[in-house]
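Structure at a glance
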Amino acid sequence: MKTFTSLSLFMTLFIVAKCDITSEPTTTPQPSGGSTPTGGVTVSKSPEEIRHKIKEQVLALTESCKTSTKITAEQAKIVSNQAIPKTEAEKCFLECMYNGLNITKDGKFIEISAKGLAQHRFANSPDELTKANNMIETCTKEAIVKDANEKCAIGRLVRECFVKHGSKINFFPKP
């Protein structure tokens, strides 16, 4: 299957952080410059291996969400753009992705998880981190499900908020 040619920076942000948070244990530096595995697993931190791991996680999560929401490959392209979901299938697909990234749960946006992930993404850019955290705080207030009858509403609400406020920071890649 063809991989996505460009993921929104949003997805990269959360997947990079998820990779760092939930992957195998990290290594402990030794004076000799080598590394000792923690928990019995040696983990490489090379950028190429991290990118490869990210790709694997993106594909696995995307495929899982495509299957569980019965969305078409064409509809799944919503993950790689700034489109607002128009159909129930698209909303549910995004909700599945956000749940898989731990930024939503039980129809709610999880501020602390989103901030933790932003911390990883913008660790080397304090100004961007501040902007990202401000956006997350705004989305915490805006992405609230008001219509309990709307299926997968949090998928739409989070996407709307990220698109609306994400342009203020380096959140989405340039096409």
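Everything below is about the structure printed above this text.
Residues numbered from 1 in each chain as written. Predicted model: local features only at pLDDT ≥ 70, side-chain atom pairs only at ≥ 80, totals over all residues. Heavy atoms only, no water.

What the chain contains, in helices and strands, is 7 helices and 4 strands. Each helix (α) and strand (β) of the chain, taken in turn from the N terminus, gives the series α-β-β-α-α-α-β-β-α-α-α. Across the 175 residues of the chain, 38% fall into the buried class. A sequence separation of at least 24 residues applies to 63% of the contacts in the chain between residues at least 6 apart. A total accessible area of about 9900 Å² is found for the chain, and carbon and sulfur atoms account for 54% of it. (Helix = DSSP H or I, 4+ residues; strand = E, 2+ residues; numbered from the N terminus. Buried < 20%, exposed > 50% of the residue type's maximum accessible area, 1.4 Å probe, protein only. Contact = heavy atoms within 4.5 Å. Areas by Shrake-Rupley, 256 points an atom, 1.4 Å probe, with all protein chains shown as cover.)

A few words on the state of the cysteines. On inspection of all chains with the given rule, the structure shows 3 disulfides. Note that C65 is cross-linked by a disulfide to C96, the S-S spacing being 2.1 Å. Around the S-S axis, the bridge from C65 to C96 shows a dihedral of about -80 degrees and counts as left-handed. Of this pair, C65 sits in helix α2 (residues 47–69) while C96 sits in helix α4 (residues 88–100), and the two are 31 residues apart along the sequence. Disulfide pairing is shown between C92 and C152; the S-S distance is 1.9 Å. Handedness here is read from the sign of the S-S torsion; for C92 and C152, about 90 degrees, the answer is right-handed. Placement of the pair is C92 in helix α4 and C152 in the loop between α6 (126–142) and α7 (153–166), with a sequence separation of 60 residues. (Disulfide = S-S within 2.5 Å.)

This paragraph deals with α6. Taking 1.5 Å as the rise per residue, α6 with 17 residues should run 24 Å; its terminal C-alpha atoms sit 24 Å apart, in good agreement. Within α6 the residues assigned to the buried category are E128, L129, A132, N133, M135, I136 and C139. One face of α6 carries all of its buried residues, which in axial projection span an arc of 160 degrees. In α6, the exposed positions angled more than 90 degrees off the buried face are occupied by P126, D127 and K141. For α6, the secondary structure elements touched by its buried residues are β4 (108–109), α5 (111–121) and α7. (Expected span 1.5 Å × (residues − 1). Arc of directions from axis to C-beta.)

Another point: the packing of α4 against α7. Here α4 crosses α7 at 80 degrees, and the two axes come no closer than 7 Å. One finds that α4 runs roughly perpendicular with respect to α7. When α4 is examined against α7, the residues K91, L94, E95 and Y98 are found in contact with a partner set consisting of A153, I154, G155, R156, V158, R159 and F162. Split into classes, the residues belonging to the contact of α4 with α7 amount to 6 nonpolar, 1 polar and 4 charged. (Axes fitted to C-alpha atoms, helices over the stretch in contact; angles between N-to-C directions. Parallel < 35°, antiparallel > 145°, perpendicular 65-115°, else oblique. Nonpolar A, V, L, I, M, F, W, Y, C, P; charged D, E, K, R; others polar.)

One recurring pattern in soluble globular proteins: nonpolar side chains tend to sit buried together. Formed by 31 residues in total, the largest nonpolar core has its most connected members in F93, I103, F109, V158 and F162. Residue assignment for this core shows that the elements contributing at least two residues are α2, α4, α5, α6 and α7. Looking at which element gives the most residues to this core, the answer is α7, with 6 residues. (Core = buried A, V, L, I, M, F, W, Y, C linked by side-chain atoms within 4.5 Å.)

The next subject is the packing of aromatic side chains. Any two aromatic rings considered together are summarised by their centre-to-centre distance and by the angle between their planes. Taken as a whole, this structure holds 2 aromatic pairs when the rule is applied. The interplanar angle of 80 degrees and the centroid separation of 6.3 Å between the aromatic rings of Y98 and F162 together place this pair among those described as edge-to-face. Of this pair, Y98 sits in helix α4 while F162 sits in helix α7; the two residues are 64 residues apart in sequence, bridging distant segments of the chain. Its relative accessible area of 1% is what places F162 among the buried residues. Ring centres of F109 and F162 lie 6.0 Å apart, and the angle between their planes is 75 degrees; on these two criteria the pair is classed as edge-to-face. Residue F109 is found in strand β4, and its partner F162 is found in helix α7; the two are separated by 53 residues along the sequence. (Phe/Tyr/Trp six-rings, centres within 6.5 Å; stacked < 30°, edge-to-face > 60°.)

In this section: the side chain of T104. Note on placement: T104 falls in strand β3 (residues 104–105). Of the residues examined, T104 reaches a relative accessible area of 3% and is grouped as buried. Looking at T104, its side chain comes within polar contact range of the side chain of N99, at 2.5 Å. Look past the residues within four positions of T104 in its chain and what remains in contact with it is E95, Y98, N99, F109, I110, I154 and V158. (Polar contact = N/O pair within 3.5 Å; in protein donor to acceptor, adjacent residues only side chain to side chain.)

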